[in-house]
Amino acid sequence: MSEVIATNQTILVVGGGISGMTAALEAAECGKQVLLVEKNPTVGGRVSQLYKYFPKLCHPKCGLEINLRRMKANRNLRLMTLTEVTAVEGEAGNYSVTLKTSPRYVNDNCTACGACADAVEAEFDDEHNYGLMKRKGAWLPFNQAYPFRYVLDPRIIGTPDADKAKAACKYDAIDLDMQEEETTITVGAIVWATGWRPYDAGKIQPYGYDRFDNVITSVELERMMDPHGPTGGKILRPSDGKEAKDVAFIQCAGSRDKNHLKHCSRICCMASLKQATYLPEQYGEDYKGTIYYIDIRAIDRLDDFYQNIQKDPNIKFVKSKVASITEDKETGNPVLHGVDTEGYHRYSNPHDLVVLAIGMEPSVPADGFPMEVVINEEGFVELDEKNGAFFAAGCSSDALDVNRAVQSGTASALRAIQVVNRVAGAEG
Amino acid sequence: MADMKIGAYICKGCGLGERLDCDELATIAKRDGKAQVVQQHDFLCSEDGVSMIRNDIDNEGVNRVVIAACSRRAKTDAFNFDGEVCVARANLREGVIWIRPDEDEFQETTQEMAADYVRMGCAEVKYQTPPHPAEERGCHEAILVVGGGVSGMTAALEAAKAGYPVHIVEKEAQLGGAVGQMWKDIPMHSPYTDPVEPVTRRLIEEVEANERITVHLSSRLTKTSGAPGRFSADISAESGSTTTENFGAIVMASGATPYDASKLPELGYGKSPDVVDRVEMEKLAIEADGGPIKRPSDGKEVKKVTFIQCAGQRSEKEGHLPYCSGDCCLTSIKQAMYFKDRNPDIETEVLFTDLRTPGAPGEDFYRSGQDKEVTFRKGVVSEVVAGSNGPVVKFKDLILDEDVEEEADLVVLATGMVPNSGVDIELAAGPNVEGEEEEAQTDSEGNAIEIPVESVLNLTYRQGKDLPHLKYGFNDSHFICFPYETRRTGIYASGPVRRPMDTPQAIEDATGAALKAIQALENAKLGRAAHPRSGDLSYPSFRKEGCTQCKRCTVECPFGAIDEDEERYPKFNEARCRRCGTCMGACPVRVISFENYSVDTVGQQIKNCDIPDEFDEKPRFLVLACENDAYPALDMAAMQGNSYSQWARVIPVRCLGSVNTIWITDALNSGYDGVVLMGCKKGDDYQCHFVKGSEMAHYRMSKIDDTLEQLNLEKERVETYEVAITDIERAPKLINDMAETIDKIGMSPFKF
């Protein structure tokens, strides 16, 4: 571990997704010292797992490339991966923060040549692909990963695979003796941007995500669209690998529901509308999409995207909270049951594939926050003076889309700067 | 400036040593590249390798470094040498050995590729000088905030809290803006159940008490000139007096105007005094101040109120707003609570098609409305007419699937917001890509375009008085990941002027905009570029003697950075410049250059690639690839084990907009068999981060056919593509397509 220098004029940003990266870069580009910590081996976060953004249908990797270039160019910003915050003590302008860094077993020497991955045999579920495919026990999380260095899965340490990886590396980059490290640093302000995780779809029992192969989540569909993803960029039914041309989208899967997430996850309506465009992209004119919804929340400027999809004769909208899903054993088709509330018509509709527009759950640390903060019922951190210089950014503060998450990250950066400027006595 | 000394460093790691004859590459660096120092290393990015280079810089006077190793996107930390050193990266790993099959039959051509990249790296670095910040740097620290509503006051207070002086210019006689006209606002803290005091009261107090903030009421900007760090603004008061102040950056928070409900006679507005818009509803609540709300016609207490959502919105009808105003659902729920909180027996009904209350606060507030027994009905209103006791709402209830007529005491139209974004400068200037002097103020049919709107900023920029509009008249920004990526550096739109939004969002947005303003002025002090080339110290300079005053650079600059001086020469405003090089690509006489990126740094790479003679049957073609999308796509293609033609020579460019057609004609003249250009998506959903760069390149290349004709060359020899960063399979294929084309049409006749 290289030396970690931080002072009470340093801003600590926790989480290297789009919100945290933005907060860190914006502050660093104002000339502030920033330490960015990320618990995964790479920055990028959830957006790096998306195929396209709504409403422009552009690629998240493009923005990520710019952010990585900004990061590489900025000397005020330091990054620690595989690192989590375990404790915070102190007050605004002077926090003592304990960091726990897990071993990567790969040092700076790594040239990302890939020889270790070739040598290792063990395979594990690939987190980047939500476990839809396997990756090696020595792996590069994805092709834009940063730091651009391989990682060894702790599960191969102590096995012959670890030695094979080490033997394959010509650059002395593999260090099997790396240990977990604890570091205590002083910082002036904390931007908390630990993002979100998809709601556990298995908990929505009537939809049978855990029972029916052809019921998947919206985040999994994003991975299918990646040419290097689990299905090589095709929308294929998990049950039989056939092209899914009749796709149902179920909105509010886990959201706006007292039994699951109370809140509206904001992004899911636009995400399903966006995913509806993946169908013509794959199949030309030979497709059917059905969106089961309560309200289509294509808010503000985004409404025209909805208006355009409504003009597509192959896409149908059904105002209905789907009651349950069963499976047609013969075809493997999921059958959706419910009532179309516009006119109260009962339906039992079979589809090739069902995509649950899965809700967004804030990634609250398992043991709770490392310091006392004001959170609301839904688990999002409020902007509150009681939080001192602890500022939530992005989806730690509310269910937000990328645009708003970046605004939030930028705003949080300024709130943190106000604190460290006060510490520096820069105000006057 | 010390003499130029080139050091070329050839890495033998990652298989380079096995696949390539590195001794030969070293000879080439010395002989062809004129490198005075040439070293090979088994593992160049190691501590030992890097300190070898550093030692040559410190002790041997090396000030031009060629790293012949991996892609410029890899190992950036290791090969980052500060100071008076220029670095070029010859991409031998991702650009050569990873994209070529490791087979004996290809060894020769793979080696030739590597040799060319070494020559090109040496040539590039020879024509670079280390960038120095511009001499003319502004250092004004004050921030100008245009608009004194929630967004403007928030931006001002947040910037002041970070230590910066602020001036607020507000056209009205008081601060507060649209929210200042409200009785109550939606809640901003948990629990999200009840309407709260508008935040404006607290903000006004704080602004007035803050000694860093100066407020100019009843005032407008009558002239704004300069650049980040050195803006100068004339602030003119209604009284006639004008003061001039200097600023480092600007936040434009000019807000929105309520939609004019008189355009909605079908909804009864103007026909019945008891049909009001959302602003008038607030007035009724203020008059009642917690007491019974009375209807305008006869002062009778309202017992039944109907809210009509999306009034004049989300509609393609002429005069309606095509977009959703984002906050009306929450506003109607709040206004329904004005009635319910006082008297639960009052009937409140909200007629909607989609109820839009996103996030945790939004959904909580909606649920609170339901708990308070506000009725929500999904329905489409066809008409509001006068009835005997009040307005009658005719609508189709979509759930019951029936037509309904209902009388109410009061009907509230949830009308939208129209951004105060000033003059639509693109409409004002008309389409003008060619750089001819514009025939201003006429549209394509030659009709005079009416510009009824008053300018907000009154910029003296050659490209127009205000920020460019996006769709529907909202200002910046077009980008998903970069909502503050403005097209006028140092000027940040914030609040409903750039996107319809509610109060909590406006506060968040304004805080972010304040940060960007601070960042812009801090960058300007140091002469550094703003996003996306953050920190870049280079800036365009031009050779006046050669300039023909054609004005293409001033017209094509996507950021309005170039004005004209008194003699009609281009006047570069470095702090406004984003360093894309579009001006350099535009200049027909090639007098514009950056210290480290110029017609020469690329032109010499093209020239120094070895072109085999016609009998060798080894074609060569050039690939100019956008460094942000196409080039990374090719890198990642290499990582995935794809391959592309051994005849291609790839040069990354800052933006396709920076491609000067001379590069193409020089390449073809000197025996290249083809040229492929790879830029980002253009058009309405453009992905080019320099806005117009890719579009400009496509436009320029559409004219290259004439040149090809003059040279007697087939037009298939030049292809321009839109390439996304995810085109990992497609980008190599496009390169291979060119190889096939050349195979088909034959080699260029211009070989020596």
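Chemist: Please set out the overall build of chain A residue by residue, giving values where relevant.
Modeler: Secondary structure summary: chain A contains eight helices and 22 strands in total. The C-alpha radius of gyration computed for chain A amounts to 23 Å, which stays within 12% of the reference 22 Å derived for 428 residues, consistent with globular compactness. Each principal axis of the C-alpha distribution contributes one length, and for chain A these read about 65 × 55 × 35 Å. Buried residues in chain A amount to 57% of all 428 residues. Considering only intrachain contacts with a sequence separation of at least 6, the fraction spanning at least 24 residues in chain A is 69%.

Chemist: Could you give an account of the overall build of chain B, with specific residues and numbers?
Modeler: Looking only at helices and strands, chain B has 20 helices and 29 strands in total. Dimensions of chain B, computed from the C-alpha atoms along their principal axes, are close to 95 × 60 × 55 Å. Burial analysis of chain B (752 residues in total) assigns 59% to the buried set. Counting contacts in chain B only where the partners sit at least 6 residues apart, residues at least 24 apart contribute 71% of the total.

Chemist: Describe the domain arrangement of chain A, listing the residues and the values that go with them.
Modeler: Bring the parts together and some accessible area is lost; that lost area is often taken as the interface size. Residue and element names in this part refer to chain A. For chain A, the assigned domains read domain 1 (10–102 + 180–195 + 363–424), domain 2 (115–168) and domain 3 (199–360). Taken over C-alpha atoms, the centre of domain 2 sits 33 Å from the centre of domain 3. Across the contact, four residues belong to domain 2 and five residues belong to domain 3. Looking at the side of domain 2 that touches domain 3, its residues break down into three nonpolar, one polar and no charged.

Chemist: Let's hear about the interface of chain A and chain B: which residues, and what values?
Modeler: Contacts between chain A and chain B engage 67 residues on the former and 71 residues on the latter. Listed by contribution, the elements that provide at least two residues to the side of chain A that touches chain B are α1 (18–28), α2 (60–73), α7 (303–310) and α8 (402–424) of chain A. Considered class by class, the residues forming the side of chain A that touches chain B number 25 nonpolar, 19 polar and 23 charged.

Chemist: Report on the nonpolar core, specifying residues and quantitative values.
Modeler: Core analysis: the largest hydrophobic core is formed by 381 residues, its most contacted members being V191 of chain A together with V66, A68, V251, M252 and A517 of chain B. When residues of this core are assigned to their parent elements, the largest contribution, 11 residues, is made by helix α12 (residues 503–526) of chain B. Non-local contacts of V191 of chain A, meaning those with residues more than four positions away in its chain, are made with I11, V13, V14, G20, A23, F391, A393, S412, A413 and A416 of chain A.

Chemist: Please provide a residue-by-residue account of the pairing of strand β15 (residues 288–293) of chain A, values included.
Modeler: All names here are of chain A. Most of β15 sits out of view: five of its six residues are buried. When strand β14 (residues 246–253) meets β15, the two strands line up parallel, connected through five bridges. Pairing of V247 across the sheet is with G289, part of β15. In terms of handedness, the path from β14 via helix α6 (residues 267–283) over to β15 forms a crossover that is right-handed. Judged from the five bridges that link them, β15 and strand β16 (residues 315–319) form a sheet pairing that is parallel. Within β16, the residue paired with G289 across the bridge is I315. Between β15 and its parallel partner β16, the chain crosses via α7, and the hand of that crossover is right-handed.

Chemist: An account of the pairing of strand β5 (residues 143–146) of chain B is needed here, citing residue identities and associated values.
Modeler: All names here are of chain B. Alternating residues of β5 divide into I143 and V145 and L144 and V146, and every residue in both groups is buried. Where β5 and strand β11 (residues 249–252) come together, four bridges link them in parallel fashion. Directly across from V146, in β11, lies its bridge partner M252. For β5 and strand β6 (residues 166–169), the ladder comprises four bridges, and the chain directions are parallel. Bridging across to β6, L144 finds its partner in H167. Taken together, β5, helix α6 (residues 150–161) and β6 constitute a β-α-β crossover, and its handedness is right-handed.

Chemist: Got a sec to walk through the domain arrangement of chain B? Specific residues and values, please.
Modeler: For chain B, the domain assignment lists domain 1 (1–130), domain 2 (143–255 + 420–428 + 451–526), domain 3 (261–415) and domain 4 (611–752). The gap between the C-alpha centroids of domain 3 of chain B and domain 4 of chain B is 58 Å.

Chemist: Can you explain unusual backbone geometry? Please cite residues and give values.
Modeler: Residue and element names in this part refer to chain A. The omega torsion across F54 and P55 is -10 degrees, close enough to zero to call that bond cis. Structurally, P55 is set in the loop between β2 (33–37) and α2. For Y130, which is not glycine, the phi dihedral falls at a positive 50 degrees. Here Y130 lies in the loop between β6 (123–125) and β7 (134–136).

Chemist: How would you explain the sheet that holds β5 of chain B if you had to name every residue and give the values?
Modeler: All names here are of chain B. The five strands lie next to each other as β7-β6-β5-β11-β21, forming an open sheet whose pairing is parallel. At either end of the open sheet lies a strand with only one pairing partner, and these are β7 (213–216) and β21 (491–493). This sheet shows a mean twist of 20 degrees between the axes of neighbouring strands, independent of strand direction. As paired strands, β11 and β21 are joined by three bridges and run parallel to one another. Considered in β21, the bridge of I250 is made with I491. On top of the sheet, α12 reaches β5, β11 and β21; it is set at about 160 degrees to β11, its chief contact.

How each quantity is defined
Residues numbered from 1 in each chain as written. Chains lettered and ligands numbered in written order. Predicted model: local features only at pLDDT ≥ 70, side-chain atom pairs only at ≥ 80, totals over all residues. Helix = DSSP H or I, 4+ residues; strand = E, 2+ residues; numbered from the N terminus. Rg over C-alpha atoms; globule rule 2.2 N^0.38 Å. Buried ≥ 20, exposed ≤ 12 C-beta atoms within 10 Å, placed from the backbone. Contact = placed C-beta atoms within 7 Å. Domains from an automatic or database assignment. Nonpolar A, V, L, I, M, F, W, Y, C, P; charged D, E, K, R; others polar. Core = buried A, V, L, I, M, F, W, Y, C linked by C-beta atoms within 7 Å. Pairing = 2+ DSSP bridges. Right-handed = clockwise from strand over helix to strand, strands pointing away. Axes fitted to C-alpha atoms, helices over the stretch in contact; angles between N-to-C directions.

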